[in-house]
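# Secondary and tertiary structure notes
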Amino acid sequence: MTSSPPPQHRAPLMSLDDALASVLAHALPLHATETVATFDADGRVLAQDLVSALQVPPNDNSSMDGYALRAADVTEAGKVLPVTQRIAAGHASEPLEPGTCARIFTGAPMPAGADAVVMQEDTIEVGGNIHGVHIQAVPQAGQWVRRAGEDVTRGAVVLSKGERLSPASLGLAASLGLAHLSVVARPRVALFSTGDELVMPGEVAPEAMRPGAIYNSNRFFLRALLRRMGCEVSDLGIVPDRREATLAALKTAADHHDLILTSGGVSVGEEDHIKPAVQQLGSLDLWQIAMKPGKPFAYGTVQRDAGAGPAAAESCHFIGLPGNPVSSFVTFLLLVRPFLLRLQGVETKALKTTTLPAHFTLNKAEKRREFLRVRRNAAGGLDLFPNQSSGVLTSAVWADGLVDNPAGNTIAPGDPVSFISFSDLIA
Ligand code: AMP
Ligand code: MG
């Protein structure tokens, strides 16, 4: 008598929203901070509010090259005023006598008493024994004057703790006189790929690849994505599909990292060693997420050695991404990215979506919520990459975003669909 195979216990699929809420619930913000030069702070997350000790700009100043005057002195076009001083940017000014004007340049401080600037294009210089100008346009009080503090007032919180610094925010911090900023420490992420079929580019030439071998592509985009998220990445390379090797890699990584991120091996096949190995060293939840691409996904923890130091948390986060490249890519963007933002204390916002018309047809209704690789076209609609297989990385390069298509939904040309731009997902 032959024994029948054990029944397949299929866990019910989990919704992406539940998976995200669950991952985020584990992502307690890291406490470590460091001080970095403002020059080097692009992409970092502020560890404290930036409060301005001064006002920006510090004084009223001209936003034009022209003449500073009292608007009330010129009630009709063609009036001639004597020029009594010349004020360049970075130089002090004298109070302005009524009935006179000052030659002034962009960024130069307004002289006391003046309340408007007439741009030089609206004036004609008058020679002779007095140096004067014809004012050809009647000025309004306040015109071409930048007010002291119009950008930043003293005491204002200019940038808040938890904000991710952009190039513009570095400029703003510098305008407050800040040469250094306190930022959240970079999350330390150990990255490894699993799979005996994987070969590193550069190690074996394309023509010498053994049958069944493929190049490790996930390692390249995952490392780059992590870096863009501000992480310090330890790349542990390819871990063979063996329990001992997987255990050893996890153990080494846990002590000195905040997160271990792997790709591949999270299905429940015999060659998928991640699950038992993480379970042996900590805990693991393996989810089947109702999304396409990207069904298998794992979150867990790996215990640290006592030697990891008294201040170290007892365990390191573990996230296992699916091996299929597009699945790995999309689950990183939709799950790992918000996780890493939360670790860094950044408030996670709902995904930004835009409603755009589909310029394609999707006939087959999927049981899972699908993230289609699409591209905006010149006609304001979206084109679909023809091959939506989770192994086809070309789709992710060709596309400039994803359509978030609900389960069971078919799409006809002209249908409004929900578009998520890669530029909002890839920092
Ligand atoms: P797995 O999740 O390990 O079952 O892998 C699923 C599919 O993704 C298989 O076809 C693997 O060969 C492929 N794959 C896994 N890891 C990688 C990787 N790092 N780069 C490219 N393809 C991969
Ligand atoms: Mg594998």
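Before reading on, note that the structure itself is shown above.
The structure reproduced in this document is the subject of the present report. Per chain, the residues get numbers from 1 upward, laid out in the order the sequence is written. Written order determines the labels here, with chains lettered from A and ligands numbered from 1. Per-residue local features are limited, in this predicted model, to residues with pLDDT of at least 70; the limit for side-chain atom pairs, both in listing and counting, is 80 or more; totals at the level of whole chains, interfaces and linings are taken over all residues. As a rule here, side-chain values cover all heavy atoms of the structure and leave hydrogens and water aside.

Here the focus is the pattern of salt bridges. Salt bridges are counted wherever a side-chain nitrogen of Lys or Arg sits within 4 Å of a carboxyl oxygen of Asp or Glu. Enumeration according to the criterion identifies twelve salt bridges in this entry. Because the salt bridges share partners, they merge into one network encompassing Lys292, Lys364, Glu366 and Glu370.

For the rest of this paragraph, the subject is the nonpolar core. Only buried residues count toward a nonpolar core, which is a set of Ala, Val, Leu, Ile, Met, Phe, Trp, Tyr and Cys residues joined through side-chain atoms within 4.5 Å. Type-normalised accessible area, obtained with a 1.4 Å probe on protein chains alone, sets the label of each residue: buried when under 20%, exposed when over 50%, and partly exposed for intermediate values. Residues Leu226, Leu261, Ile319, Phe332 and Leu340 are the most contacted members of the largest nonpolar core, which totals 45 residues. The numbering of helices and of strands both runs from the N terminus, where a helix is a DSSP run of H or I of at least 4 residues and a strand a run of E of at least 2. Those elements that provide at least two residues to this core are helix H1 (16–26), strand E13 (188–194), helix H3 (218–228), strand E17 (259–263), strand E20 (296–303), strand E21 (315–321), helix H6 (325–343) and helix H8 (422–425). Counting residues per element, this core draws most heavily on H6, at twelve residues. Non-local contacts of leucine 261, meaning those with residues more than four positions away in its chain, are made with Val189, Ala190, Leu191, Phe192, Leu226, Ile319, Leu321, Phe332 and Val336. Ala249, Ala253, Val278 and Leu281 belong to the second-largest nonpolar core, a separate cluster that totals 21 residues. Residue contacts are defined here by distance: any two heavy atoms, one from each residue, within 4.5 Å place the two residues in contact.

As a further point, take the packing of aromatic side chains. To describe a pair of aromatic rings, one takes the distance between the centres and the angle between the planes. For Phe, Tyr and Trp, rings pair up if their centres lie within 6.5 Å, where Trp contributes its six-membered ring, and each pair is then called stacked (planes under 30 degrees apart), edge-to-face (over 60) or tilted (otherwise). Across all of its chains, the model carries five aromatic pairs by this definition. Judged by centre distance (5.6 Å) and plane angle (90°), the ring pair of phenylalanine 221 and phenylalanine 329 falls under edge-to-face. Remark: phenylalanine 329 occurs in helix H6 and phenylalanine 221 occurs in helix H3; sequence separation between them is 108 residues. Since its relative accessible area comes to 13%, phenylalanine 221 is described here as buried. On the basis of an interplanar angle of 55° and a centroid distance of 6.2 Å, the ring pair of tyrosine 299 and phenylalanine 339 is categorised as tilted. In this pair, tyrosine 299 is assigned in strand E20 and phenylalanine 339 in helix H6, connecting sequence segments 40 residues apart. There is no split in this pair, since tyrosine 299 and phenylalanine 339 are both buried.

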